[in-house]
Amino acid sequence: MLNNIGETLLFISFLAGLLGLYSYLVGIRKKSNLLVFIGTRSILAIFALLSISVLVLIYLLTTKDYSNAYVAKNISNDLSFIYSIAALWAGQEGSLLLWSWILSLYTLTIRFSKPFKSLLPSSESVSLFILSFFIFLIVFVESPFDTLDTIPLNGRGLNPILQNFYMAIHPLTLYIGYIALTIPFAFALGSIISKDKTDNWVLRSKNWTYFSWIFLSLGLLLGSRWAYLELGWGGYWAWDPVENVALMPWLALTAFLHSSMAQETRSLLRRWNICLIFLAFFLSIFGTFITRSGLISSVHSFAQSSIGPYFIVFIILTVVFAIFMYQKNKKLISSNEDIVSLVSKENFLIFNNIFFLIITLTVFLGTVFPIISEAFTGEKILVGPTFYDLVNFPNVLVLMSLMSVAPIIPWKTGKLYPILMLLLKPIILSILTTFVAYMFFDNFKVLLIFFISSFVIFVILQDIIVEFKLQLARGLKWKDILSKRYRRYCSFLVHFGIILLIIGITLSSVYGTKSDFILSTGQSLKINDYDIKLLETYKKESEAKNILGAKLLLTDSGNSYYLYPEQNLYKYEGNREINKETEVAIYNTLKKDYYLILIDDMEDGRFNFKIYINPWVSLLWIGSLVSILGGVLIMFRRKI
Amino acid sequence: MASPKKKIQIFVVIIALFFSFLIYKAVESSLVYYLTVSEALAEKSSSRFKRLRVSGIVEEGSIKKNSDGSINFIITDKVRTINVQYKGEVPDIFTDEIEAVVEGELINTTFIANKLFAKCPTKYEDEAYEENKVSFVK
């Protein structure tokens, strides 16, 4: 019954999408306000219909109504209420429904962009077109309201691995960020379609791009944290295709956030920005396609299904249309001004973009390499993590150097000499810092990163100090200076976070160690500069699982830590093919993470372990959070 | 004097050349061939495969624990089989009859792996899983 209602609601929303698209097409051409009005009303209708559909599916999930195929696949009797809701995005059909709902909400908000009324109909129609595609998928290809002929007593259930706090929020966060890219894309394409010659679309997109950036960053952070905690997913980052395709839109978007400043301030790079936002959007769709089609094998293989070919058609249609419209109208969007000098902020923003795009291209190449090689040589060849490390390291160095200089260079013409003078003190200080660091660290890569990092930080500090001295002398208050320089200081915060992140990545990858060892109870062992002792092992049984655990004492430079790694064996329930779950014991300190795995009971009184010592991983999490905080502050800029 | 735009263009070309070269070198040094069991066995005499990644189904009952903490198991593509030796942490979903991917070297008839991936953590759906199996058998 409810299934039928859900199915009908989705079908009506698809019809509403078609009606809306038709009204917009004719309405925009004939300049008919009535037809455009019908279009906007159809978006409202779609939002209402999808909202009810989502609620219906949530109701079916939480009441465990196994007559619904999706519920039977993703829920089981023992699943808690929270995970029953989270199961909404655990499978393909539910994800697509949620995706459509979020996009319909976003599309609805376009019309509140009052100051740019002329852009609205065309932007809304672009967004509505994309929305209609996703509704098409859930109506005709992957319906979340399919029914089962025989109703099972228990569902298949969610994997134990997925019954996890990160499962509950990581996909949702990424969706929110990914989908938000549709709106700037719609503004850009809408602006071209309506032959708008102003920079309105960029101004209008600004908050959407910040919003998207914040959620994409948060999604990536949560994802890498989850992969770090979950065994077998290769640590916080493994250059796995699924990770890569989530990173690419972030890279393109970050490039856009920088280059769009040139358009806001000087009306420069107008065509370039349109291309960049197109790229970011296409990469987000490409990511969805790759993860959902199973085209490239990944450790995180997702539910694979038949939506691949539809996606290809959709991507080709959208790309061809966008490029066609761009080619047709690009004369209208030429920049009025030109770059006057190489020593100017706009030029450095271009450099920023070049290097961001090189990283994007590198990641793209590495990701699709197996497909390309198979097409040309008939053999599947992968490129390993060393590929990314080799190419990206110089890129990151250059980008970090830009991070120091670019923010302090003025627009238009900057004179070289005063800027070099400004950099003098920071350079001297960072050389000194690097010498101090040399006493503790011996790795060239690390020292190089330290040098550039401290350089960036000293430039930032100098800029803030000089500004405050100057303005305080002029009689301004602290608050006034902060609000005057608000955006600049927020961007410093973002940059500072990125610096911490890079230091964390460098130190943990250069100085990380791992060792395998076997111990019997009471036995202890010295590995490198720490001692480890197996105190006891225990077996426990709970309602859902059998637990094999161990208690170990780790002593490192006078500090003692107790670690409890476990192996859980879930009792057979439903039809899961996964019933084992390794609980890694992690002891986080600021300086080091002790990451201990109980691999196996050797069944001769001995136990098999593996320990990773990951230094300074904490900086990675802290840095990311600082950056995201900076992004949030920029988005909610207000006068203090 | 060339205009700033020209200079930027020249700069871009230089950067592009440098990174093309770097990408070429990086690809060369990190190549991993991805083969099925039969392909790996057929190519084992060929020296161009330094590092291999081989995928196959873990044969039922073939997983054996050794006293040094390593494990042995057999992967198959339903035509031929390879004996794999691996030491390290084992993914939770690694068990009989799943698709495993091992990375390492094929020495004589034993594959010495130092990486072990098991496919399907987020594969929630039955049919998709069954479909995969079928296509694999084909």
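Residues numbered from 1 in each chain as written. Chains lettered and ligands numbered in written order. Predicted model: local features only at pLDDT ≥ 70, side-chain atom pairs only at ≥ 80, totals over all residues. Heavy atoms only, no water.

### Side note on the overall build of chain A
Right, on to step 1. In terms of regular secondary structure, chain A is built from 19 helices and eleven strands.
Right, on to step 2. Restricting the contact set of chain A to residue pairs at least 6 apart, pairs at least 24 apart contribute 72%.
Right, on to step 3. Surface accessibility of chain A: about 26,900 Å² in total, with carbon and sulfur atoms responsible for 67%.
Right, on to step 4. Seen as two clouds, the 53 positive and the 41 negative side-chain charges of chain A have centres 16 Å apart. (Helix = DSSP H or I, 4+ residues; strand = E, 2+ residues; numbered from the N terminus. Contact = heavy atoms within 4.5 Å. Areas by Shrake-Rupley, 256 points an atom, 1.4 Å probe, with all protein chains shown as cover. Lys, Arg positive; Asp, Glu negative; His and termini not counted. Charge placed at Lys NZ, Arg CZ, Asp CG, Glu CD.)

### Thoughts on a nonpolar patch on the surface
Right, on to step 1. A contiguous nonpolar patch, built from Tyr417, Met421, Leu424, Ile427, Ile428, Leu429, Ile431, Leu432 and Phe435 of chain A and spanning about 880 Å² of accessible area, is present on the exposed surface.
Right, on to step 2. With relative accessibility at 59%, the residue Tyr417 of chain A sits in the exposed group. (Patch = residues over 30% accessible without salt bridge, like charges linked within 9 Å, V, L, I, M, F, W, Y side chains within 5 Å. Salt bridge = Lys/Arg side-chain N within 4 Å of Asp/Glu carboxyl O. Buried < 20%, exposed > 50% of the residue type's maximum accessible area, 1.4 Å probe, protein only.)

### Quick notes on unusual backbone geometry
Residues and elements named next belong to chain A.
Right, on to step 1. Within the chain, Lys195 stands out as a residue other than glycine whose phi angle is a positive 55°.
Right, on to step 2. Within the secondary structure, Lys195 sits in the loop between helix H8 (182-193) and helix H9 (200-229).
Right, on to step 3. Look at Lys195 and you get partly exposed, because its relative accessible area is 47%.
Right, on to step 4. Phi is positive for Glu603, which is not a glycine, with a value near 65°.
Right, on to step 5. A relative accessible area of 65% places Glu603 in the exposed class.

### With respect to the side chain of Glu346 of chain A
All names here are of chain A.
Right, on to step 1. Within the fold, Glu346 resides in helix H13 (residues 345-377).
Right, on to step 2. On the basis of relative accessibility, which here comes to 1%, the residue Glu346 falls in the buried class.
Right, on to step 3. Setting aside residues no more than four positions away along its own chain, Glu346 makes contact with Arg266, Leu268, Ile339, Trp411 and Lys412.

### Topic: the packing of helix H2 (residues 33-62) of chain A against helix H6 (residues 120-141) of chain A
All names here are of chain A.
Right, on to step 1. The N-to-C vectors of H2 and H6 enclose an angle of 35°; their axes lie 11 Å apart at closest approach. For the crossing formed where H2 meets H6, the hand is left-handed. In this structure, H2 uses Val36, Thr40, Ser42, Ile43, Ile46 and Leu50 to contact H6, whose residues at the interface are Pro121, Glu124, Leu128, Leu131 and Ile135. (Axes fitted to C-alpha atoms, helices over the stretch in contact; angles between N-to-C directions. Left-handed = near helix turned anticlockwise from the far one by under 90°.)

### Considerations on the environment of Leu120 of chain A
Residue and element names in this part refer to chain A.
Right, on to step 1. With respect to the helices, strands and loops of the structure, Leu120 is situated in helix H6.
Right, on to step 2. Owing to a relative accessible area of 6%, Leu120 belongs among the buried residues under this scheme.
Right, on to step 3. Residues Leu120 and Ser194, 74 residues apart in the sequence, show an inter-C-alpha distance of 9.3 Å.

### Remarks on the confidence of the model for chain B
Right, on to step 1. Per-residue confidence for chain B gives a mean pLDDT of 78, with 80% of residues at or over 70.
Right, on to step 2. Interface confidence for the predicted complex, expressed as ipTM, amounts to 0.78; the pTM equals 0.91. (pLDDT = per-residue confidence, 0-100.)

### Some points on the pattern of salt bridges
Right, on to step 1. All told, the structure shown has 16 salt bridges over all chains when counted by the stated rule.
Right, on to step 2. The closest approach of N and O atoms between Asp600 of chain A and Lys65 of chain B, which form a salt bridge, is 3.3 Å. Within this pair, whereas Asp600 of chain A is found in strand S10 (residues 592-601), its partner Lys65 of chain B is found in strand S3 (residues 64-65), the two belonging to separate chains.
Right, on to step 3. Between Lys115 of chain B and Glu103 of chain B there is a salt bridge, with the nearest N and O atoms lying 3.8 Å from each other. Note that Lys115 of chain B is positioned in strand S7 (residues 110-118) and Glu103 of chain B in strand S6 (residues 99-107), a separation of twelve residues in sequence.

### A short note on the pairing of strand S2 (residues 52-58) of chain B
Residue and element names in this part refer to chain B.
Right, on to step 1. With seven of seven residues buried, S2 is to be regarded as a mostly interior element.
Right, on to step 2. Sheet analysis places strand S1 (residues 31-36) next to S2, joined by four bridges and oriented parallel. Following the sheet pairing, Tyr33 is matched in S2 by Leu52.
Right, on to step 3. Alignment of S2 against S6, held across six bridges, turns out to be antiparallel. Pairing of Gly56 across the sheet is with Ala100, part of S6.
Right, on to step 4. Where S2 lies against strand S4 (residues 71-76), two bridges are found, and the strand directions are antiparallel. From the neighbouring strand, Ile57 faces S4, where its bridge partner is Thr76. (Pairing = 2+ DSSP bridges.)

### Examining the sheet that holds strand S11 (residues 606-615) of chain A
Think of a sheet as strands paired side by side through backbone hydrogen bonds, with each pair either parallel or antiparallel.
Residue and element names in this part refer to chain A.
Right, on to step 1. Spatial strand order, S2-S11-S10-S9: four strands in an open sheet with antiparallel pairing. Looking at the sheet topology across the chains shown, the edges are occupied by strand S2 (513-520) and strand S9 (585-588). Here the average twist between neighbouring strands, direction ignored, is 20°.
Right, on to step 2. For S2 and S11, the ladder comprises eight bridges, and the chain directions are antiparallel. Across the sheet, residue Thr513 finds its bridge partner in S11, namely Ile613.
Right, on to step 3. In the packing of helix H18 (residues 486-511) onto the sheet, the strands contacted are S2 and S11, and the crossing angle to S11 comes to about 140°.

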